[in-house]
Amino acid sequence: MAGIGLVYDERTGGDIDLINGSTDILHTYFNKNLSRRYTGLFSMEKLIDSNTELVIKANGGILNRSISLSDYEFRGKQYSGFAGIKLGKRLEKLTVTGGMDFSLVDFREDELLEDTLRDYENLHAGAFIHSIYNLTEILSLESGLRYNYQKDYGSFLLPEIA
């Protein structure tokens, strides 16, 4: 499956006299919002055999946003994306799943005033393995291990047992 999305939104609000072109000391408030969002996605699920499944997913987007008020202005652009792959195998009493994923958010504010930039970037990558062992029909043991890397905080392991 694949798809794209496009959203365009332009709004103007505030004092109706100002919007209609009549300005004076009493009619000063207005706001304008403009958003343009472009997105894409891809997803594939494939049975390799009766007990093995491969799943691949990815999406990405671009958001352009501007806000104008009577005494304030903001403009920025954000890029975001995610990609992941997962492989699962079912045996008689055991199911094992492993995979990797990656995500990125990168926001850049247009420089309208000095020292007001709120730029942001987040990069994450991870790999995991997860297992479910059916001890009986009503009792199972789950375990897993996930390795994560995050741009600002470094690498860490996340064990799981339940």
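Preceding this paragraph is the structure being described.
About the criteria used
Residues numbered from 1 in each chain as written. Predicted model: local features only at pLDDT ≥ 70, side-chain atom pairs only at ≥ 80, totals over all residues. Heavy atoms only, no water. Helix = DSSP H or I, 4+ residues; strand = E, 2+ residues; numbered from the N terminus. Rg over C-alpha atoms; globule rule 2.2 N^0.38 Å. Buried < 20%, exposed > 50% of the residue type's maximum accessible area, 1.4 Å probe, protein only. Areas by Shrake-Rupley, 256 points an atom, 1.4 Å probe, with all protein chains shown as cover. Lys, Arg positive; Asp, Glu negative; His and termini not counted. Charge placed at Lys NZ, Arg CZ, Asp CG, Glu CD. Salt bridge = Lys/Arg side-chain N within 4 Å of Asp/Glu carboxyl O. Patch = residues over 30% accessible without salt bridge, like charges linked within 9 Å, V, L, I, M, F, W, Y side chains within 5 Å.

K.L.:
Describe the overall build of the protein, and please don't skip the residues or the numbers.
P.N.:
Within the protein one finds one helix and eight strands. Of the regular secondary structure in the protein, the N- to C-terminal order runs β-α-β-β-β-β-β-β-β. Taken over the C-alpha trace, the protein has a radius of gyration of 24 Å; the compact-globule value for 162 residues is 15 Å, which it surpasses by more than 25%. Based on the C-alpha atoms only, the size of the protein along its principal axes is roughly 80 × 35 × 25 Å. Split into buried and exposed, the 162 residues of the protein put 20% on the buried side. Total accessible area on the protein stands at roughly 11,500 Å², and carbon and sulfur atoms take up 58% of it. Computing the positive centroid from 17 side-chain charges and the negative centroid from 24, the protein places the two 8 Å apart.

K.L.:
A description of the pattern of salt bridges should follow, citing residues and the corresponding values.
P.N.:
The full count for this structure, using the stated rule, is 11 salt bridges. Note that Asp 49 is salt-bridged to Lys 89, the shortest N-O span being 3.7 Å. Of the two residues, Asp 49 is situated in strand S2 (residues 30-49) and Lys 89 in strand S4 (residues 72-90); the sequence distance between them amounts to 40 residues. By relative accessible area, Lys 89 is classed as partly exposed at 33%. The partner of Arg 75 in a salt bridge is Glu 73, and the shortest N-O contact between them spans 3.0 Å.

K.L.:
Could you give me a rundown of a nonpolar patch on the surface, with the residues and numbers involved?
P.N.:
Where nonpolar side chains cluster on the molecular surface, the patch consists of Tyr 133, Leu 135, Ile 138, Leu 139, Leu 141 and Ile 161 and spans about 640 Å² of accessible area. When you line up the elements, Ile 161 lands in strand S8 (residues 154-161). The exposure class of Ile 161 is exposed, given its relative accessible area of 66%.

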